[in-house]
Amino acid sequence: MSEQPTSWARAVAANELAGPLPSRWAHTQGVADRASCLEGVLGHQVGLLTCAALLHDVGYAPRLAATGFHPLDGARFLRDVHKADDGLTRLVANHSFALLEAEERGLREVLEAEFPLLEDRRVVDALVWCDMTTTPDGGLTTAEARVAEILGRYGAGSVVGRFIRRASPEISAAVARVEAALADQPRWG
Ligand SMILES: [Fe+2]
């Protein structure tokens, strides 16, 4: 399927998350709101970013949790059930440095083989910025506070805790690149 509209992405995400995981759905809507702030720097790619923002956490839906690694479960669901656009599934699979968490879970090779990272790092960075500046219930935060919140919630010794400590410098660098681009509008790159 060619590029899907954001109305489709919103309906799919709401269908999977709003009932079983209302706070995850609130977070998702906050992340999508952040995406709309990047139209000036991403141009037409803001549509792809918004779809990815809406669907990045769809793999948390209990009925989709096959491996328990939500970026992979979500991307497979979008690819296999919805025949989603390749760029969209690759963004969802790799959101917020998921490759590093995949490594902690022994899934890095699987993730890389099925969903290679997009070459256009601007959209990848943009999704990191949207996700990492949105609280778990959809409010605004800083990436630093968000990383600390994740670490506190999961514990430093957990798989997610180990992942987020490794990803933290990458997250900070990606957020800084997006904020530099925002400061240098109208167009990034
Ligand atoms: Fe998220």
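Read on for an overview of the structure. (Residues numbered from 1 in each chain as written. Predicted model: local features only at pLDDT ≥ 70, side-chain atom pairs only at ≥ 80, totals over all residues. Heavy atoms only, no water.)

**Notes on the overall build of the chain**
Then comes step 1: Tallying secondary structure elements over the chain gives 11 helices and 0 strands in all.
Then comes step 2: When the helices and strands of the chain are read in sequence order from the N terminus, they spell out α-α-α-α-α-α-α-α-α-α-α.
Then comes step 3: A compact globule built from 189 residues should have a C-alpha radius of gyration of about 16 Å, and the chain, at 15 Å, falls within 12% of that.
Then comes step 4: For the chain, the C-alpha atoms occupy an extent of roughly 40 × 40 × 30 Å along the three principal directions.
Then comes step 5: Looking at the 189 residues of the chain, the share that counts as buried comes to 50%.
Then comes step 6: In the chain, the share of contacts with a sequence separation of at least 24, taken over all contacts with a separation of at least 6, comes to 67%.
Then comes step 7: Per element, the accessible surface of the chain, about 8,300 Å² overall, is 53% carbon and sulfur. (Helix = DSSP H or I, 4+ residues; strand = E, 2+ residues; numbered from the N terminus. Rg over C-alpha atoms; globule rule 2.2 N^0.38 Å. Buried < 20%, exposed > 50% of the residue type's maximum accessible area, 1.4 Å probe, protein only. Contact = heavy atoms within 4.5 Å. Areas by Shrake-Rupley, 256 points an atom, 1.4 Å probe, with all protein chains shown as cover.)

**Focus: the packing of helix α2 (residues 22-36) against helix α4 (residues 46-55)**
Then comes step 1: Closest axis-to-axis distance for the α2/α4 pair is 8 Å, and the angle between their directions is 165°. Classed by the angle they form, the pair α2 and α4 counts as roughly antiparallel. Crossing angle aside, the handedness with which α2 passes α4 is right-handed. Two secondary-structure elements touch here, α2 through T28, V31, A32 and A35 and α4 through V46, L49, T50, A53 and L54.
Then comes step 2: The residue inventory of the contact of α2 with α4, partitioned by class, reads 7 nonpolar, 2 polar and no charged. (Axes fitted to C-alpha atoms, helices over the stretch in contact; angles between N-to-C directions. Parallel < 35°, antiparallel > 145°, perpendicular 65-115°, else oblique. Left-handed = near helix turned anticlockwise from the far one by under 90°. Nonpolar A, V, L, I, M, F, W, Y, C, P; charged D, E, K, R; others polar.)

**Quick word on the environment of A102**
Then comes step 1: Checked against the element boundaries, A102 lands in helix α7 (residues 98-104).
Then comes step 2: In sequence terms A102 and V160 are 58 residues apart; their C-alpha atoms lie 10.0 Å from each other.
Then comes step 3: Setting aside residues up to four positions removed in sequence, A102 forms contacts with F69, L107, R108 and L111.

**Section: the coordination of the iron ion**
Then comes step 1: The iron ion binds to the protein through H27 (NE2), H56 (NE2), D57 (OD) and D131 (OD), with metal-donor distances spanning 2.1 to 2.6 Å.
Then comes step 2: Around the iron ion sit 4 donor atoms, and with donor-metal-donor angles ranging over 82 to 173° the site reads as irregular.
Then comes step 3: Mapping the donors of the iron ion onto the primary sequence gives the spacing H-x28-H-D-x73-D. Within this pair, whereas H27 is found in helix α2, its partner H56 is found in the loop between α4 and α5 (70-80), the two being separated by 29 residues in sequence.
Then comes step 4: Residue H56 is classed as buried on the basis of its relative accessible area, which comes to 0%. (Donors = N, O, S within 2.8 Å, 3.2 Å for Na, K, Ca; no water. Tetrahedral: all angles 85-135°; square planar, octahedral: opposite > 155°, others 65-115°.)

**Looking at the environment of F163**
Then comes step 1: Looking at the element boundaries, F163 is found in helix α11 (residues 159-183).
Then comes step 2: Residues F163 and L100, 63 residues apart in the sequence, show an inter-C-alpha distance of 6.1 Å.

**Comments concerning the pattern of salt bridges**
Then comes step 1: Following the criterion strictly, the structure yields 18 salt bridges and no others.
Then comes step 2: D80 is the partner of R79 in a salt bridge, and the nearest nitrogen-oxygen pair spans 2.7 Å.
Then comes step 3: A relative accessible area of 30% places R79 in the partly exposed class.
Then comes step 4: It is possible to trace a salt-bridge network through shared partners that takes in E103, E104, R108, E112, R162 and R166. (Salt bridge = Lys/Arg side-chain N within 4 Å of Asp/Glu carboxyl O.)

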